[in-house]
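Residue strings, one per chain:
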Amino acid sequence: MISCIALLLHVYPAWRLLTSADIMSTGGAVLTGVVAAAVMVLLLVCGQLLKRDLASAIGVTWLGVIFQLFVWTLIGEVLRFALWATDVDEGGRIASAAVLVWTLLVLTYGSWRALARTPIRETDIHIPRLHRDLDGLRIVQVTDTHLSRILGTRWMAARVRQINGIDADIYCHTGDLADGDPKLRLPAAKQLADVRAEHKYFITGNHEYFSDAVYWGEQMTEFGWRFLHNTHEVYQRGEGRLIIAGIDDPTGRSSGIDGHGPRLADALSGVDPDLPVLLLAHQPKQSADAAAHQVDLQLAGHTHGGQMWPFHHIVRADQKYVHGLHAVNERTQIYVSRGTGFWGPPFRIGAPPETAVLTLRAAAAPAN
């Protein structure tokens, strides 16, 4: 399957851009696309199977480049048709040049947006059952950091400095901490030990189960983050109490790790039904289970907001909620973060990263 997709992504732009610009014959253009696709697949396979960081980084970067080139070549057919319809000389060359220049600009911006300072996104969320003593409770959500060869120690340290500059009560990491060999990612992940906060929580995402979920649970605990492995804690301020629950990613069910997989009933065992529940669950589609258990607010990640336009349309087919705040039903709400890092191609196009700062509000403003 990956080979077929790679061929399509490479052959179509090569054929359309090179032949219409009279740079290469059809056969030569197709051959160029086939060779480029084979190289990309080889890099990706070497990176994943042989654990070669550099090969993997080059492969996924090129994957992002060719995906955007494919998208804008396709959209460029509109310009190509308009030039043909108006009998513009050298229309094919003009269209090809326009597509290449525009794609380069988009990729340049996308790379800057992925690697530059992460924007802080502030959102007020009204929780009808929230006690007035908890009105104004601030939560920082970090998610999908995907530590890698590209997103390393310096990048994570900068995010930690940003987090420490936010005045908040609760900090959480909702999964997909790192990719690749855990030992190689440990120095970057260790930066999270410097987050200065008393209440810090971590759950697994699907990528923890691609490496070593048990290891990351132990390490985050050592860094001072409470690993909410299908369990909960009670947060109290004044007379107000809030249940903070966390469940595993669904990938845990097929991971072969004993006891892993989401068990929301276990996580909420013994909970006072009159108290509001904040649930940390990595995937937005876990909101169905959250709603069935009368959860008040779920915090999720996983989608990256689509990461590279127009991929969000494909993400929405798998996950109902792609980013932002949504009402699941009359009781349950979900906030989906676009994520702090990125997975694979080092680009953010039409889906900027974020550090979410969520302020919980009671049904009515507290009395003066």
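For the structure, check the block above.
Student: Would you explain the overall build of the protein in this entry?
Tutor: Across its full length, the protein holds 10 helices and 12 strands. Of all 368 residues assigned to the protein, the portion counted as buried reaches 53%. Here the contacts in the protein between residues at least 6 apart in sequence split such that 74% fall between residues at least 24 apart.

Student: What is the right way to look at the sheet that holds strand β2 (residues 137-142) in this model?
Tutor: Neighbouring strands of a sheet are bound in pairs by backbone hydrogen bonds; such pairs are parallel or else antiparallel. Taken together, the six strands give an open sheet; going across it, the order is β1-β12-β2-β3-β4-β5, and neighbouring strands pair in mixed fashion. Every other strand in the sheet has two partners, leaving β1 (120-126) and β5 (226-227) as the edge strands with one partner each.

Student: Which parts of the structure should I look at to understand the pairing of strand β9 (residues 297-300)?
Tutor: Two faces, one strand: in a regular strand the side chains alternate between the faces of the sheet. A two-sided burial pattern is seen for β9, the buried positions comprising L297 and L299 on one face and Q298 and A300 on the other. Two strands pair when backbone bridges link them, and strand β8 (residues 277-280) and β9 are joined in this way by three bridges, in the parallel orientation. When the bridges of β9 are listed, L280 appears paired with L299. Note on the crossover from β8 through helix α9 (residues 287-292) to β9: the handedness is right-handed. As paired elements, β9 and strand β11 (residues 333-336) share four bridges and run parallel to each other. By the bridge assignment, Q298 is partnered in β11 with I334.

Student: I would appreciate a short explanation of empty space enclosed by the protein in the present structure.
Tutor: Using a probe with the size of a water molecule, rolled over the atoms, empty space left in the structure can be pinpointed. By the definition in use, this model includes one cavity of 30 Å³ or more. Looking at the largest cavity, the residues that line it are I127, L242, P276, V277, L278, D296, L297 and L360. Its residues assigned to classes, the lining of the largest cavity comprises seven nonpolar, no polar and one charged.

Student: Could you clarify how one ought to interpret the packing of helix α6 (residues 182-189) against helix α7 (residues 213-222) in this entry?
Tutor: Relative orientation and spacing of two packed helices are given, respectively, by the angle between their axes and the distance between those axes. Across the interface, α6 lies against α7 with an axial gap of 12 Å and an inter-helix angle of 25°. Taken as axis vectors, α6 and α7 run roughly parallel relative to one another. Regarding α6 and α7, the two cross each other, and that crossing is right-handed. Contacts from P182, K183, R185, L186 and A189 in α6 reach Y215, W216 and Q219 in α7. Tallied by class, residues from the contact of α6 with α7 come to five nonpolar, one polar and two charged.

Student: Explain the sheet that holds β9 to me, please; I cannot follow it from the model alone.
Tutor: Spatially, the six strands line up as an open sheet ordered β6-β7-β8-β9-β11-β10, and their pairing is mixed. Strand pairing shows two members of the sheet lacking a second neighbour, β6 (231-237) and β10 (324-327), which therefore form its edges. On average, each strand axis in the sheet is tilted by 20° relative to the strand beside it, whichever way the strands run.

Student: What am I meant to see in unusual backbone geometry here?
Tutor: Outside of glycine, negative phi angles account for most residues, and trans bonds account for most peptide bonds. For the bond from W309 to P310, the omega torsion is 5°, close enough to zero to count as cis. You can see P310 is positioned in the loop between β9 and α10 (312-318). Phi at H146 takes a positive value of approximately 45°, unusual for a residue other than glycine. Counting through the fold element by element, H146 comes out in the loop between β2 and α5 (153-164). On the accessibility criterion, H146 (1% relative accessible area) is buried. Phi angles above zero are rare outside glycine, and Q307 is one such case at about 65°. Within the fold, Q307 resides in the loop between β9 and α10.

Student: Just checking my understanding: could you explain the nonpolar core for this structure?
Tutor: A general feature of soluble globular proteins is that nonpolar side chains tend to end up buried together. Ranked by internal contacts, the top residues of the largest apolar core, which has 27 residues, are V140, L147, L177, L192 and W225. Elements represented by at least two residues in this core include exactly β2, α5, α6 and α7. Looking at this core, the element that brings in the most residues is α5, giving four residues. Other than its neighbours up to four places away in sequence, V140 contacts I163, I166, A168, I170, Y171, C172, T355, A356 and V357. Core analysis: the next-biggest nonpolar cluster, separate from the first, contains 23 residues, Y201, L242, I244 and L360 among them.

Student: Explanation requested: a nonpolar patch on the surface in the structure shown.
Tutor: Together, V101, W102 and L105 make up an exposed nonpolar region whose accessible area comes to about 310 Å². Within the secondary structure, W102 is located in helix α4 (residues 91-115).

Student: Sorry if this is basic, but what is going on with the pattern of salt bridges here?
Tutor: When the charged atoms of two side chains with opposite charge come close together, those side chains can pair. Applying the stated rule across the entire model yields 13 salt bridges. Put simply, D124 and R361 hold a salt bridge, and the shortest N to O gap is 3.8 Å. Taken together, the residues D124 in strand β1 and R361 in strand β12 (residues 355-361) connect sequence positions 237 residues apart. Given a relative accessible area of 44%, D124 falls into the partly exposed group. When its relative accessible area of 27% is taken as the criterion, R361 is described as partly exposed.

Student: Would you explain the side chain of R348 in this entry?
Tutor: Inspection of the secondary structure puts R348 in the loop between β11 and β12. An unpaired buried charge is present at R348: no salt bridge exists, and D144, the closest side chain of opposite charge, is 7.0 Å distant. Among the polar contacts made by the side chain of R348, one reaches the main-chain carbonyl oxygen of G339 at a distance of 3.3 Å. Every residue in contact with R348, bar those within four places of it in the chain, is listed here: Y109, G110, R113, A114, H304, Q307, R338, G339, T340, G341, F342 and P353.

Scoring rules and cut-offs
- Residues numbered from 1 in each chain as written.
- Predicted model: local features only at pLDDT ≥ 70, side-chain atom pairs only at ≥ 80, totals over all residues.
- Heavy atoms only, no water.
- Helix = DSSP H or I, 4+ residues; strand = E, 2+ residues; numbered from the N terminus.
- Buried < 20%, exposed > 50% of the residue type's maximum accessible area, 1.4 Å probe, protein only.
- Contact = heavy atoms within 4.5 Å.
- Pairing = 2+ DSSP bridges.
- Right-handed = clockwise from strand over helix to strand, strands pointing away.
- 1 Å grid on protein atoms, 1.4 Å probe; cavity = no way out; pocket = protein on both sides within 12 Å on 5 of 7 lines; lining within 4 Å.
- Points joined across faces, edges and corners; volume = space filled by probe spheres on them.
- Nonpolar A, V, L, I, M, F, W, Y, C, P; charged D, E, K, R; others polar.
- Axes fitted to C-alpha atoms, helices over the stretch in contact; angles between N-to-C directions.
- Parallel < 35°, antiparallel > 145°, perpendicular 65-115°, else oblique.
- Left-handed = near helix turned anticlockwise from the far one by under 90°.
- Core = buried A, V, L, I, M, F, W, Y, C linked by side-chain atoms within 4.5 Å.
- Patch = residues over 30% accessible without salt bridge, like charges linked within 9 Å, V, L, I, M, F, W, Y side chains within 5 Å.
- Areas by Shrake-Rupley, 256 points an atom, 1.4 Å probe, with all protein chains shown as cover.
- Salt bridge = Lys/Arg side-chain N within 4 Å of Asp/Glu carboxyl O.
- Lys, Arg positive; Asp, Glu negative; His and termini not counted.
- Polar contact = N/O pair within 3.5 Å; in protein donor to acceptor, adjacent residues only side chain to side chain.

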